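Residue-level structure breakdown
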Amino acid sequence: VAHNRFNLTPSVSLGNVDPGPFWVASERTNGRYVHQSKRITGGVSASPSLFGFFPGFGPFTRIRHAITPQVSFNWAPAGEVSDEYLIAIGRTRKGYLGNLEQRSISFGLNQNFQAKVRSKNDSNPEGGQKVDLLSINSTPLSYDFVRAAEFARTHGHRGMAGLTTETWGYTLRSELLPGFDFSSNYSLFSGSTLSDTAKFKPFLTSVSASFSISRDQNPRATFAKLFGK
């Protein structure tokens, strides 16, 4: 059996045409429930792993840089969203892009810097432990070619109209600070990307950090792993 080097994964799913709930009742419908439609989405994704090696320093014999891009392509036929449903969720038919055919590509990137600790056993210099110096994980960004073409047809230019991801963020972790997590998140648009009035205007929405200490996760255990007890 051939090894799947690119980690190709096909997918088929059934979901709502609009990202909102399937059934909606609001004051705009006088409490009456209205619903939208569903459609099938097919796609294929790949997540190959790429490696680079660098010479070590101090207690590290060498450093490995692992890059794992996440690339996927998705297709869905044009869907139907009734005017009643749009009114119920506070939208109008004018400028609405959620029911267009979808031909989108998404890209995400995860990185990990890992070091091998110098072994204290001279008879086995390659037997040192591994430490994750820094892990960087980011959320994927999606671009829809059909939406970009429709925006160009109605407005005369594309700009960032094909970008459908409304929020983006990243997280940082390191075994040098065990129990520590850092994350930062951004809103990319002013308005919803389901409307042609959305403007690309990134701004910071949240920053969070947490730190925990336990018997196995603490600075003393980290220094013991690096330099010996």
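Described in the following lines is the structure provided in the data block. Source: prediction; values computed, not measured. (Residues numbered from 1 in each chain as written. Predicted model: local features only at pLDDT ≥ 70, side-chain atom pairs only at ≥ 80, totals over all residues. Heavy atoms only, no water.)

**Regarding the overall build of the protein chain**
- What the protein chain contains, in helices and strands, is 3 helices and 12 strands.
- Taking all 229 residues of the protein chain together, 31% fall into the buried category.
- A separation of at least 24 residues holds for 62% of the contacts in the protein chain among residues at least 6 apart in sequence.
- As displayed, the protein chain offers around 14200 Å² of accessible surface, 58% of which is attributable to carbon and sulfur atoms. (Helix = DSSP H or I, 4+ residues; strand = E, 2+ residues; numbered from the N terminus. Buried < 20%, exposed > 50% of the residue type's maximum accessible area, 1.4 Å probe, protein only. Contact = heavy atoms within 4.5 Å. Areas by Shrake-Rupley, 256 points an atom, 1.4 Å probe, with all protein chains shown as cover.)

**Some thoughts on the packing of aromatic side chains**
- As enumerated under the stated definition, the model contains 6 aromatic pairs in all.
- The interplanar angle of 45 degrees and the centroid separation of 6.3 Å between the aromatic rings of Tyr170 and Phe182 together place this pair among those described as tilted. Here Tyr170 is found in strand E10 (residues 167–173), whereas its partner Phe182 is found in strand E11 (residues 180–190), with 12 residues between them in sequence.
- Using a relative accessible area of 23% as the deciding quantity, one classes Phe182 as partly exposed.
- In this structure an aromatic cluster arises from ring pairing among Trp168, Tyr170, Phe182 and Tyr186. (Phe/Tyr/Trp six-rings, centres within 6.5 Å; stacked < 30°, edge-to-face > 60°.)

**Quick word on the side chain of Thr165**
- Structurally, Thr165 can be placed in the loop between helix H2 (145–155) and E10.
- Excluding its chain neighbours within four sequence positions, the residues that come into contact with Thr165 are Pro140, Leu141, Ser142, Leu188 and Phe189.

**What about unusual backbone geometry?**
- Residue Asn30 is not a glycine yet carries a positive backbone phi of 55 degrees.
- Within the secondary structure layout, Asn30 lies in the loop between strand E2 (23–24) and strand E3 (34–35).
- Its relative accessible area of 75% is what places Asn30 among the exposed residues.

**Some remarks on the side chain of Ser26**
- Within the element layout of this structure, Ser26 appears in the loop between E2 and E3.
- Its relative accessible area of 14% is what places Ser26 among the buried residues.
- Beyond its immediate stretch of four places on either side in the chain, Ser26 contacts Gly31 and Ala88.

**Regarding a nonpolar patch on the surface**
- Taken together, the side chains of Phe6, Leu8, Val44, Val71, Phe73, Trp75, Ile105, Phe107 and Phe145 present a nonpolar region at the surface, about 810 Å² in accessible area.
- Elements that contribute at least two residues to the nonpolar patch include exactly strand E6 (60–76) and strand E7 (102–117).
- Among the elements that make up the nonpolar patch, the one with the highest residue count is E6 (3 residues).
- Tracing the sequence through the fold places Phe73 in strand E6.
- Judged by relative accessible area, Phe73 falls into the partly exposed class, the value being 37%. (Patch = residues over 30% accessible without salt bridge, like charges linked within 9 Å, V, L, I, M, F, W, Y side chains within 5 Å. Salt bridge = Lys/Arg side-chain N within 4 Å of Asp/Glu carboxyl O.)

**Some details on the pattern of salt bridges**
- Going through the model one piece at a time under the given rule, you end up with 7 salt bridges.
- The salt bridge partner of Arg103 is Glu101, with a shortest N-O separation of 3.0 Å.
- Among the residues examined, Arg103 registers a relative accessible area of 35% and is labelled partly exposed.

**Quick notes on the environment of Gly31**
- Within the secondary structure, Gly31 sits in the loop between E2 and E3.
- Note on Gly31: relative accessible area 47%, which makes it partly exposed.
- Residues within four places of Gly31 in sequence aside, it is in contact with Ala25 and Ser26.

**Brief notes about the environment of Gly162**
- Note on placement: Gly162 falls in the loop between H2 and E10.
- Using a relative accessible area of 0% as the deciding quantity, one classes Gly162 as buried.
- If we ignore the near neighbours within four places in the chain, the residues touching Gly162 are Ser142, Tyr143, Asp144 and Ala148.

**Side note on H2**
- Turning to H2, its buried residues are Val146, Arg147, Ala148 and Phe151.
- For H2, the N-terminal capping position is held by Asp144, with its side-chain oxygen 2.9 Å away from the main-chain nitrogen of Val146.
- Count one or two residues on from H2 and you reach Gly156, which has phi positive near 85 degrees. (Polar contact = N/O pair within 3.5 Å; in protein donor to acceptor, adjacent residues only side chain to side chain.)

**Digging into the environment of Asn74**
- On the secondary structure map, Asn74 appears in strand E6.
- On the accessibility criterion, Asn74 (24% relative accessible area) is partly exposed.
- For the pair Asn74 and Val12, spaced 62 residues apart in sequence, the C-alpha to C-alpha distance is 9.3 Å.
- Look past the residues within four positions of Asn74 in its chain and what remains in contact with it is Ser11, Thr41, Gly42, Gly43, Gln102, Arg103 and Ser104.

Take it as geometry only, folks, not as evidence of what the structure does.
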